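# Notes for the structure review
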Amino acid sequence: MKSLVLTTLIATLPLIAAPAFAADEINVSNGISAAGAPLAAHGVDLVALVNNGNPVDGFATHSATFDGASYYFTSAANLEAFEANPAAYLPQHGGFCSFGVSVGKKFDGDPDQYLVADGKLYLFLNADTRAAFLEDVSATSETADNLWSKIKSIAVGEL
């Protein structure tokens, strides 16, 4: 009887711990962080990325959960900056490749391939998609923004 209760508890745990967002609205890693939410931005400190142009891995000891995803930071100061104004640091399009979103897809966004333009952080799958985005940042970001509202809640596998 005890093992049946334990098995049932283990089987239902993913349902209880499910993130607050709908299907693939935020680009996260498989598994969960120590905070119990999936890790976003590959664990890169978004404050260091936006403020210093430095894609450096953060630490679980300095983490915040926002919209059902965990973010890691290199220092308590960067954590505090994020908590004070998450919108200033969160990547556009849920952290998916912004060029991919502009063509209706959700590709992984790599924090090593990024752009900060007009106070917004954009991530890209690779150097080629970053270069394609840079050909016309204004038009491509506008297209991505328009398409994001349509594909945001659609699972990656359905696009």
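Reading guide: rules and limits
Counting restarts for each chain, with residues numbered from 1 along the sequence as it is written. It should be noted that, the model being predicted, local features are given only for residues of pLDDT at least 70 and side-chain atom pairs only at 80 or more, the latter also being counted only at that level, while totals for whole chains, interfaces and linings use all residues. Remark: hydrogens and water are excluded; side-chain values derive from all non-hydrogen atoms of the structure. Going along the chain from the N terminus, every DSSP run of H or I of four or more residues is numbered as a helix, and every run of E of two or more is numbered as a strand. Note on classification: 1.4 Å probe, protein chains only; a residue is buried when its accessible area is under 20% of the maximum for its type, exposed when over 50%, partly exposed between these limits. Contacts are assigned to residue pairs with any non-hydrogen atoms lying within 4.5 Å of each other. Residues enter a nonpolar core if they are buried and are Ala, Val, Leu, Ile, Met, Phe, Trp, Tyr or Cys, with the set joined through side-chain atoms within 4.5 Å. We call Phe, Tyr and Trp rings a pair once their centres come within 6.5 Å, taking the six-membered ring for Trp, and we label the pair stacked below 30 degrees between planes, edge-to-face above 60, and tilted otherwise. Being paired, for any two strands, means DSSP has found at least two bridges between them.

With that out of the way, let us pick up the side chain of Ser70. By secondary structure assignment, the location of Ser70 is in strand S2 (residues 69–73). Classification of Ser70 as buried rests on a relative accessible area of 0%. Not counting residues up to four positions away in its chain, the partners in contact with Ser70 are Ser33, Ala35, Ala37, Pro38, Leu39, Ala40, Ala64 and Thr65.

The next subject is the nonpolar core. A general trend in soluble globular proteins is that nonpolar side chains are found buried together. If you look at the biggest cluster of nonpolar residues, it comprises 17 residues, and the most contacted ones within it are Leu46, Leu49, Tyr71, Phe73, Phe82 and Leu121. When residues of this core are traced back to their parent elements, those giving at least two are helix H2 (46–52), S2, helix H3 (76–84) and strand S4 (120–124). Filtering out sequence-adjacent residues up to four positions away, Phe73 remains in contact with Asp45, Leu46, Val47, Gly58, Phe59, His62, Ser63, Ala64, Asn78, Leu79 and Phe82. Within the second largest apolar cluster, six residues are counted, among which are Cys97, Leu115, Ala117 and Phe133.

Attention now moves to the environment of Asn146. Structurally, Asn146 can be placed in helix H6 (residues 137–151). Here Asn146 falls in the partly exposed class, since its relative accessible area comes to 43%. Spatially, the C-alpha atom of Asn146 lies 9.9 Å from that of Gly104, the residues being 42 residues apart in sequence.

Positive phi outside glycine occurs at Ala41, with the angle close to 55°. Looking at the element boundaries, Ala41 is found in the loop between helix H1 (2–16) and H2. For Ala41, a relative accessible area of 7% puts it in the buried group. Even without a glycine there, the phi angle at His42 is positive, about 55°. Looking at where His42 falls in the secondary structure, it is placed in the loop between H1 and H2. Of the residues examined, His42 reaches a relative accessible area of 40% and is grouped as partly exposed.

Attention shifts here to the packing of aromatic side chains. This model, assessed by the stated rule, comprises six aromatic pairs. Each ring, one from Tyr71 and one from Phe82, has its centre 5.3 Å from the other, and the planes form 40°; the classification is tilted. Of this pair, Tyr71 sits in strand S2 while Phe82 is found in helix H3, placing the two residues eleven residues apart along the sequence. By relative accessible area, which is 4% here, Tyr71 ends up buried.

Of the pairings in the sheet, the one linking strand S3 (residues 110–117) to S4 comprises five bridges and is antiparallel in character. Within S4, the position partnered with Val116 by the bridge is Leu121. Where S3 folds back on S4, the antiparallel hairpin that results is connected by two residues, among which Asp118 adopts a positive phi of roughly 50°.

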